[in-house]
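Inside the fold
Here is how the chains run, residue by residue.
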Amino acid sequence: VLMHAGIIEDNKKAWSGKNEIIITTSFTQGSCSLTAYKVTDAGVQWGKKNRNIAGGVANAQGYSSSCYEKVQMLLSDRFQGFFMVPEGGLGWNYNFQGVKHNRGMDYTLRLDTPERFYAESHRPQHFLSFVQMEEGDEAEDADLEDFLG
């Protein structure tokens, strides 16, 4: 709600707060659930008021279920959409990179098919750790036999 209200405030010409929704995804064993919410006028006002509060959303007062309402979402194969992905090989999936995404990031988008969920571009630190293990001091000390030599 806080980020949604901030986006509305920063993009008054493009976002009205009336046509936008928030979609949440829950993954459970064997299924995926989608739920759609609309931020209410009270939620937008709360978000604007608490946008720059010291200590972040944890210190914001007055948040309640009146800040949003559940809305109907229709999934259909008749509607076709598109993907916007970052240019320059930047990964879009920050699940593997800790807290690195922020609103102040500078990037450009293009229409394209996104990289796979587990693609290397989404988790560079994961692959760098393998390289460091192979090139590190411990690799030189390892007692390995070269069966192809």
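Residues numbered from 1 in each chain as written. Predicted model: local features only at pLDDT ≥ 70, side-chain atom pairs only at ≥ 80, totals over all residues. Heavy atoms only, no water.

The next subject is a nonpolar patch on the surface. A cluster of nonpolar side chains, namely Phe82, Met84, Tyr107, Leu109 and Leu111, defines an oily patch on the protein surface of about 560 Å² accessible area. Topologically, Phe82 is positioned in the loop between strand E3 (68–71) and strand E4 (84–86). (Patch = residues over 30% accessible without salt bridge, like charges linked within 9 Å, V, L, I, M, F, W, Y side chains within 5 Å. Areas by Shrake-Rupley, 256 points an atom, 1.4 Å probe, with all protein chains shown as cover. Salt bridge = Lys/Arg side-chain N within 4 Å of Asp/Glu carboxyl O. Helix = DSSP H or I, 4+ residues; strand = E, 2+ residues; numbered from the N terminus.)

Going through the model one piece at a time under the given rule, you end up with three aromatic pairs. With a centroid separation of 5.0 Å and an interplanar angle of 55°, the aromatic rings of Trp46 and Tyr63 are classed as tilted. Here Trp46 is found in helix H2 (residues 41–49), whereas its partner Tyr63 is found in the loop between H2 and E3, with 17 residues between them in sequence. The rings of Tyr37, Trp46, Tyr63 and Tyr68 are connected pair by pair, giving a single aromatic cluster. (Phe/Tyr/Trp six-rings, centres within 6.5 Å; stacked < 30°, edge-to-face > 60°.)

Where strand E1 (residues 22–28) lies against strand E2 (residues 31–39), seven bridges are found, and the strand directions are antiparallel. Directly across from Phe27, in E2, lies its bridge partner Cys32. With antiparallel pairing between neighbouring strands as the criterion, E1 and E2 make up a hairpin whose turn holds two residues, including Gly30 at a positive phi of roughly 85°. (Pairing = 2+ DSSP bridges.)

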